[in-house]
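Given next are the chains, with one letter for each unit.
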Amino acid sequence: WTFDLTRVDAFAGSAAVIHTGMPDVRALAYAGGTSLWAIGSGNPDVLYRIDTVSGLVQRVGSTGTDAIQGLAVLSGRLYAWNITLGLLEVDTTTGRVRNVNPAIGSPGGSAVQFLAARSDGKLVGGKRDLYEIDPETGAWTVIGSFGISGVDLRGADPRYPSVASFGTACLGTYGPATLSVQGSMLPGGRLRVASDMHAASSLGFTFLGLSRSHY
């Protein structure tokens, strides 16, 4: 068997091979810069670091276990999901894993096939249902069902545009004006924009520019 690293166009849904000769990867997570953490299937599984530009594959080390199906970085820590043991924390210098809570075990742990870190600091995972997973205890709580009976979702990750402020806020009646945005800034998303600290009943304007690449 041969394996390739592909780049997926998030809008067109197309994929293009960018590097060949990859390990048999079962999970990916962002490692900073142009690098990705990867779990290579084996007995035991192996943690790799892959440079998406050069294609260089660095073998970090054996995890000491197998059946890892998901990776996610949360608050600077790398987590993995093992369908037998449940939530694991991965040492990014050695590849070895720590069972977050051995007492819980993972009956039905195969119900989780991916991990993802949300911008609100929550760790989530799932396959046919979405779960919130406590990174300190490994306990999981059902958020809801995907409604795709018989179909396994093996990978998912939230996509959040970066946000930067610019300029200096005007001085409103009650102090410097504040501007907040909630919701998705992706095409097709729904936004809620609020500007505060202005005089009551004063007239306000909001200007938005949206595109498929800039928001």
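An account of the accompanying structure is given in this report. Being a predicted model, the structure only gives us computed values, none of them experimental. (Residues numbered from 1 in each chain as written. Predicted model: local features only at pLDDT ≥ 70, side-chain atom pairs only at ≥ 80, totals over all residues. Heavy atoms only, no water.)

So, about the pairing of strand E14 (residues 140-145). Of all the six residues making up E14, zero are buried; the element is thus mostly uncovered. One ladder, built from five bridges, connects strand E13 (residues 129-133) with E14; its direction is antiparallel. Within the sheet, the bridge partner assigned to Asp-129 lies in E14 and is Ser-145. Counted between consecutive antiparallel strands, the loop separating E13 from E14 contains six residues, among which Gly-138 sits at a positive phi close to 80°. (Buried < 20%, exposed > 50% of the residue type's maximum accessible area, 1.4 Å probe, protein only. Helix = DSSP H or I, 4+ residues; strand = E, 2+ residues; numbered from the N terminus. Pairing = 2+ DSSP bridges.)

We now examine the pattern of salt bridges. For the structure on display, the rule yields seven salt bridges. The partner of Arg-98 in a salt bridge is Glu-89, with the nearest N and O atoms 2.7 Å apart. A relative accessible area of 19% means that Glu-89 is categorised as buried. A cluster of three or more residues bridged by salt bridges with shared partners is formed by Arg-77, Glu-89, Arg-98 and Glu-136. (Salt bridge = Lys/Arg side-chain N within 4 Å of Asp/Glu carboxyl O.)

Okay, the side chain of Gln-69 next. By secondary structure assignment, the location of Gln-69 is in strand E7 (residues 68-74). The contact partners of Gln-69, leaving out residues within four places of it in the chain, are Arg-26, Ala-27, Trp-81, Ile-83, Gln-113 and Phe-114. (Contact = heavy atoms within 4.5 Å.)

Membership of the largest hydrophobic core comes to 13 residues, with the highest contact counts inside it found for Trp-37, Ile-39, Leu-47, Leu-71, Leu-78, Ala-80 and Val-90. Residue assignment for this core shows that the elements contributing at least two residues are strand E3 (25-32), strand E4 (35-40), E7, strand E8 (77-82) and strand E9 (86-90). Among the elements that make up this core, the one with the highest residue count is E3 (three residues). Setting aside residues up to four positions removed in sequence, Ala-80 forms contacts with Ile-68, Gly-70, Leu-71, Gly-86, Leu-87, Leu-88, Val-90 and Leu-115. Judged by nonpolar contacts, the second largest core, of twelve residues, contains Tyr-79, Trp-81, Leu-87 and Leu-123. (Core = buried A, V, L, I, M, F, W, Y, C linked by side-chain atoms within 4.5 Å.)

So, about a nonpolar patch on the surface. Together, Leu-179, Val-181, Val-193 and Leu-208 line one region of the surface with nonpolar side chains, adding up to about 370 Å² of accessible area. Mapped onto the elements, Val-193 comes out in strand E18 (residues 191-196). Val-193 sits in the partly exposed class, given a relative accessible area of 30%. (Patch = residues over 30% accessible without salt bridge, like charges linked within 9 Å, V, L, I, M, F, W, Y side chains within 5 Å. Areas by Shrake-Rupley, 256 points an atom, 1.4 Å probe, with all protein chains shown as cover.)

Of all five residues in strand E12 (residues 123-127), five are buried; the element is thus mostly enclosed. The side-chain alternation of E12 yields two buried faces, one formed by Leu-123, Gly-125 and Lys-127 and the other by Val-124 and Gly-126. The sheet contact formed by strand E11 (residues 112-117) and E12 spans five bridges and is antiparallel. The residue bridging Phe-114 from the neighbouring strand is Gly-126, located in E12.

What follows is about the sheet that holds E4. Across a sheet, strands are paired by hydrogen bonds formed along the backbone, either parallel or antiparallel in direction. A sheet is described by the order of its strands in space; here four strands give the open sequence E3-E4-E5-E6, paired in antiparallel fashion. Each of the sheet's edge strands pairs with one partner strand only, and the pair in question is E3 and strand E6 (57-62). The average undirected angle you get between the axes of adjacent strands in this sheet is 25°. Pairing geometry for E3 and E4, over six bridges, is antiparallel. Bridging from a neighbouring strand, Tyr-30 pairs with Leu-36 of E4. (Axes fitted to C-alpha atoms, helices over the stretch in contact; angles between N-to-C directions.)

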